[in-house]
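Descriptive analysis of the structure
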Amino acid sequence: MKIYASYADSVLYIRLDGEMDEHNAAAARREADKLADGYAHSSRVIFDLKNVTFMDSTGIGFLIGRYKKFLRLGVPSYITNPTPSTDKILLMSGVYTLMPKV
Amino acid sequence: MNNYMKLELAAIGENESFARSAVAAFALFLNPSLTELSDIKTAVSEAVTNCIVHAYRQGKEGDKIVIECRACLCPDALHGTLHIEITDYGCGIDDLERAIAPFYTTLGDEERSGMGFTIMQTFMDDFSVESERGRGTKVKMVKKIGIEAADEVEKRANA
Ligand SMILES: Nc1ncnc2c1ncn2[C@@H]1O[C@H](COP(=O)(O)OP(=O)(O)O)[C@@H](O)[C@H]1O
Ligand SMILES: [Mg+2]
């Protein structure tokens, strides 16, 4: 799993690329949290999931964990471009109630 | 036509991706749709991850996971059934009913969501768990393949 960040008009975009499972979540978590500390002045953060080729329930824990981290810094989180299978998992677990889909 | 495979592998995180890909490759025998394949991969990933993070919490040399799959392809080759059994010889689960409930997790501080069993249940057509404290856990799942495709053919035939 790779993480790419871009920043424009005070919006931080975090794009996740590859497979999100328990084994490779730890590195993604560290990188995303580093970005959170570096971009704490953002007005919001948008997680772009279009290149997530696989995700299990690890993704739920990962996204909610980052939501909490950004919230402590005063930055609200959003999700965009989930694939149909990612969407199914995020819908059933209620993630969109915390991180709306945009 | 029937098909069978048995896979025994070390309970290490590196094998999570291998395990779900191996079962998906075996399932190709049943001509699944992309959605069916992705459901199978997700459910297998949940069960295998549970063996690694929960059953073998301490993680030692020799911890193993056994995956058995039986596939049955109907003569029309349009639909079939995949039976998957995933077994560990780890700590076992004391209260199964509570463990299966949505959002229940014993590892909340490690960002586990407690949705693993719920995902296995909703993504597969049949699901059951057997467990014994100190002996291990066996998850059994069934996925019916090609139901949509078979329905489609029937609809066209009747039209
Ligand atoms: N193979 C297993 N061996 C022992 N305990 C397990 C096993 N699988 C699941 N559990 C227990 O059931 C709980 C719920 O599992 P699950 O729904 O996958 O959620 P999570 O893995 O996020 O905790 C786990 O927190 C754990 O306590
Ligand atoms: Mg789990």
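The preceding data block contains the structure.
An account of the accompanying structure is given in this report. Predicted model only: the values in this text are computed from it and were never measured. (Residues numbered from 1 in each chain as written. Chains lettered and ligands numbered in written order. Predicted model: local features only at pLDDT ≥ 70, side-chain atom pairs only at ≥ 80, totals over all residues. Heavy atoms only, no water.)

Here's the deal with the side chain of Asp17 of chain A
All names here are of chain A. Within the fold, Asp17 resides in strand 2 (residues 11-20). Looking at Asp17, its side chain comes within polar contact range of the side chain of Asn51, at 3.2 Å. In contact with Asp17, not counting residues within four places along its chain, are Met1, Lys2, Tyr4 and Asn51. (Helix = DSSP H or I, 4+ residues; strand = E, 2+ residues; numbered from the N terminus. Polar contact = N/O pair within 3.5 Å; in protein donor to acceptor, adjacent residues only side chain to side chain. Contact = heavy atoms within 4.5 Å.)

Examining the site of ligand 1
Residues and elements named next belong to chain B. Around ligand 1 sit 18 residues in total, of which His54, Asp88, Thr105, Thr106 and Gly114 are the nearest. Within the side chain of Asn50, one N or O atom sits 2.9 Å away from an oxygen atom of ligand 1. The separation between an oxygen atom of ligand 1 and a polar side-chain atom of Thr105 is 2.5 Å. Bound to the protein, ligand 1 loses 96% of the 540 Å² it would expose on its own. Taking a 2 Å distance to the grid points as the criterion, the majority of the atoms of ligand 1 fall inside the largest pocket. When contributions to the shell around ligand 1 are tallied by element, the ones reaching two or more residues are helix 2 (34-55) and helix 4 (116-123). Broken down by element, the shell around ligand 1 gets its largest block of residues, three residues, from helix 2. (Near = heavy atom within 4 Å. Areas by Shrake-Rupley, 256 points an atom, 1.4 Å probe, with all protein chains shown as cover. 1 Å grid on protein atoms, 1.4 Å probe; cavity = no way out; pocket = protein on both sides within 12 Å on 5 of 7 lines; lining within 4 Å. Sits in = over half its atoms within 2 Å of the grid points.)

So, the sheet that holds strand 2 of chain A
Working definition: the strands of a sheet are paired by backbone hydrogen bonds and lie parallel or antiparallel to each other. Residue and element names in this part refer to chain A. With respect to topology, four strands assemble into an open sheet ordered 1-2-3-4, the strand pairing being mixed. The sheet terminates laterally at strand 1 (2-8) and strand 4 (77-80), the two strands that pair on one side only. Along the sheet, successive strands turn relative to each other by an average axial angle of 25°, direction set aside. With seven bridges joining them, strand 1 and strand 2 adopt antiparallel strand pairing. Paired with Tyr4 across the strands is Arg15, a residue of strand 2. (Pairing = 2+ DSSP bridges. Axes fitted to C-alpha atoms, helices over the stretch in contact; angles between N-to-C directions.)

A closer look at helix 3 (residues 84-92) of chain A
Listed as buried for helix 3 of chain A are Thr86, Asp87, Ile89 and Leu90 of chain A. For helix 3 of chain A, the angular spread of the buried residues around the axis is 165°, confining them to a single face. Among the exposed residues of helix 3 of chain A, those pointing more than 90 degrees away from its buried face are Pro84 and Leu91 of chain A. Contact partners of the buried residues in helix 3 of chain A: strand 3 (44-55), helix 2 (58-72), strand 4 and helix 4 (95-98) of chain A together with helix 2 and helix 4 of chain B. Backbone geometry just after helix 3 of chain A places Gly94 of chain A at a positive phi near 75°. (Buried < 20%, exposed > 50% of the residue type's maximum accessible area, 1.4 Å probe, protein only. Arc of directions from axis to C-beta.)

Remarks on the interface of chain A and chain B
At the interface, 20 residues of chain A touch 25 residues of chain B. Taken over both partners, the interface formed by chain A and chain B buries close to 1700 Å², and the fraction arising from carbon and sulfur atoms is 52%. If you look at where chain A meets chain B, you find five salt bridges. Ionic pairing is found between Arg20 of chain B and Glu19 of chain A, a salt bridge with its closest N-O pair at 2.7 Å. Inspection of the region where chain A meets chain B yields nine residue pairs in polar contact (both at pLDDT 80 or more). No other element matches helix 2 of chain A, which puts six residues into the side of chain A that touches chain B. Looking at the side of chain A that touches chain B, its residues break down into six nonpolar, seven polar and seven charged. (Buried area = accessible area lost by both parts, 1.4 Å probe. Salt bridge = Lys/Arg side-chain N within 4 Å of Asp/Glu carboxyl O. Nonpolar A, V, L, I, M, F, W, Y, C, P; charged D, E, K, R; others polar.)

Digging into the environment of Leu107 of chain B
The residue Leu107 of chain B is located in the loop between helix 3 (96-100) and helix 4 in this model. Setting aside its immediate chain neighbours within four residues, Leu107 of chain B contacts Val53, His54, Arg57 and Arg112 of chain B.

Thoughts on helix 2 of chain A
Residues and elements named next belong to chain A. For helix 2, with 15 residues, the first-to-last C-alpha span of 21 Å sits near the 21 Å given by 1.5 Å per residue. Burial analysis of helix 2 places eleven of its 15 residues in the buried class, which makes it a mostly covered element. After helix 2 finishes, the residue Gly74 shows a positive phi value of roughly 80°. (Expected span 1.5 Å × (residues − 1).)

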